[in-house]
Amino acid sequence: MSLLEVLVALAILVGIIGIVVPVLPGTLLVLAAVLVWTIQVGGATAWSVLAVATALLALGAVVKYAVPGRRLKDAGIPGSTLVVGGLLGVVGFFVVPVVGLLLGFVLGVYLAEHRRVGPALAWPSTKHALRAAGLSLLIELLAALAAAAVWVVGVVAT
């Protein structure tokens, strides 16, 4: 395994971690790492790997919003609830690094739903929104892992 392949593998790993712990733009980092490898290696196989990885990551980006978004819409949870959760998540990240992002998001969603539907329905609605957010993360993670697997196949093939 060459130094380039080790560095690309590390960048892909950091990208995958960035999806789970949203501090880095994980999907973009995975794509950038595969792009760097493709440019350095060249050839039809490398460019094919980049095309397939890009398609998988793009599909994951579309599906990660479409499927959970439809579930939230069916449950009657507005997008503004997630915006409030996201804003408090950012605040929480700076108050309690890394963990505060999750805590702030949950608190923001709960407070928005508490205001919208009242205390009795706020927690069930918050759980539904959290499941949708988790599904979104899982879809993005699976797309990144699939792109990484395609890259590994490309490394073996070249």
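Refer to the preceding data block for the structure.
Residues numbered from 1 in each chain as written. Predicted model: local features only at pLDDT ≥ 70, side-chain atom pairs only at ≥ 80, totals over all residues. Heavy atoms only, no water.

Caption draft 1: Representation of the overall build of the protein chain within the structure. Along the backbone of the protein chain there are six helices and zero strands. Across the 158 residues in the protein chain, those meeting the buried criterion constitute 34%. When contacts within the protein chain are restricted to residue pairs at least 6 apart in sequence, those whose partners lie at least 24 apart make up 61%. Here the protein chain displays about 8800 Å² of accessible surface, and carbon together with sulfur accounts for 77% of that area. Side chains of the protein chain carry 8 positive and 4 negative charges; the gap between the two charge centres is 13 Å. (Helix = DSSP H or I, 4+ residues; strand = E, 2+ residues; numbered from the N terminus. Buried < 20%, exposed > 50% of the residue type's maximum accessible area, 1.4 Å probe, protein only. Contact = heavy atoms within 4.5 Å. Areas by Shrake-Rupley, 256 points an atom, 1.4 Å probe, with all protein chains shown as cover. Lys, Arg positive; Asp, Glu negative; His and termini not counted. Charge placed at Lys NZ, Arg CZ, Asp CG, Glu CD.)

Caption draft 2: Main features of the nonpolar core. Formed by 20 residues in total, the largest nonpolar core has its most connected members in I12, I16, V30, V34, W37 and W151. Secondary structure elements with two or more residues in this core: helix 1 (3–20), helix 2 (26–41), helix 3 (43–75) and helix 6 (119–157). Tallying contributions element by element places helix 6 first for this core, with seven residues. Residues within four places of W151 in sequence aside, it is in contact with M1, E5, V8, A9, I12, V34, W37 and V49. Ranked by size, the runner-up nonpolar core spans six residues in total, among them L72, I77, F105 and A132. (Core = buried A, V, L, I, M, F, W, Y, C linked by side-chain atoms within 4.5 Å.)

Caption draft 3: Quick look at the environment of L88. Note on placement: L88 falls in helix 4 (residues 79–95). Here L88 falls in the partly exposed class, since its relative accessible area comes to 28%. Along the primary structure L88 and T45 are separated by 43 residues, whereas in three dimensions their C-alpha atoms are 45 Å apart. Apart from residues no more than four positions distant in its own chain, L88 is found in contact with G104, F105, L107, G108 and L111.

Caption draft 4: View of the environment of L31. Among the secondary structure elements, L31 is positioned in helix 2. Residues L31 and I12, spaced 19 residues apart in sequence, show a C-alpha to C-alpha distance of 8.1 Å. Non-local contacts of L31, meaning those with residues more than four positions away in its chain, are made with L50, T54 and L57.

Caption draft 5: Spatial organisation of helix 1. Between its first and last C-alpha, helix 1 extends 26 Å over 18 residues, near the 26 Å set by a 1.5 Å rise per residue. Regarding helix 1, the residues found buried are E5, V8, I12, G15, I16, G18 and I19. Projected down its long axis, helix 1 shows its buried positions confined to an angular sector of 155°, all on one face. The secondary structure elements touched by the buried residues of helix 1 are helix 2 and helix 6. (Expected span 1.5 Å × (residues − 1). Arc of directions from axis to C-beta.)

Caption draft 6: Here's a closer look at the packing of helix 3 against helix 6. Two elements in contact, helix 3 and helix 6, have axes whose closest approach is 9 Å; the angle formed by their N-to-C orientations is 170°. Comparing the axis directions of helix 3 and helix 6 gives the class roughly antiparallel. Of the residues in the contact of helix 3 with helix 6, the class split is 21 nonpolar, five polar and three charged. (Axes fitted to C-alpha atoms, helices over the stretch in contact; angles between N-to-C directions. Parallel < 35°, antiparallel > 145°, perpendicular 65-115°, else oblique. Nonpolar A, V, L, I, M, F, W, Y, C, P; charged D, E, K, R; others polar.)

Caption draft 7: Highlighting helix 5 (residues 99–117). Taking 1.5 Å of rise per residue, the 19 residues of helix 5 would be expected to cover 27 Å, and the 27 Å separating its terminal C-alpha atoms lies within 8% of that figure. Buried within helix 5 we find G100, L101, G104, F105, G108, V109, A112 and E113. If you follow the buried residues of helix 5, they end up packed against helix 4 and helix 6. One or two steps after helix 5, the chain reaches G118, where phi turns positive at roughly 95°.

Caption draft 8: Representation of the packing of aromatic side chains in the model. For the structure shown, the criterion picks out three aromatic pairs. When the ring of W37 is compared with that of W151, the centres are 6.3 Å apart and the planes differ by 85°; the resulting orientation is edge-to-face. Taken together, the residues W37 in helix 2 and W151 in helix 6 connect sequence positions 114 residues apart. The same class applies to W37 and to W151, which are both buried. (Phe/Tyr/Trp six-rings, centres within 6.5 Å; stacked < 30°, edge-to-face > 60°.)

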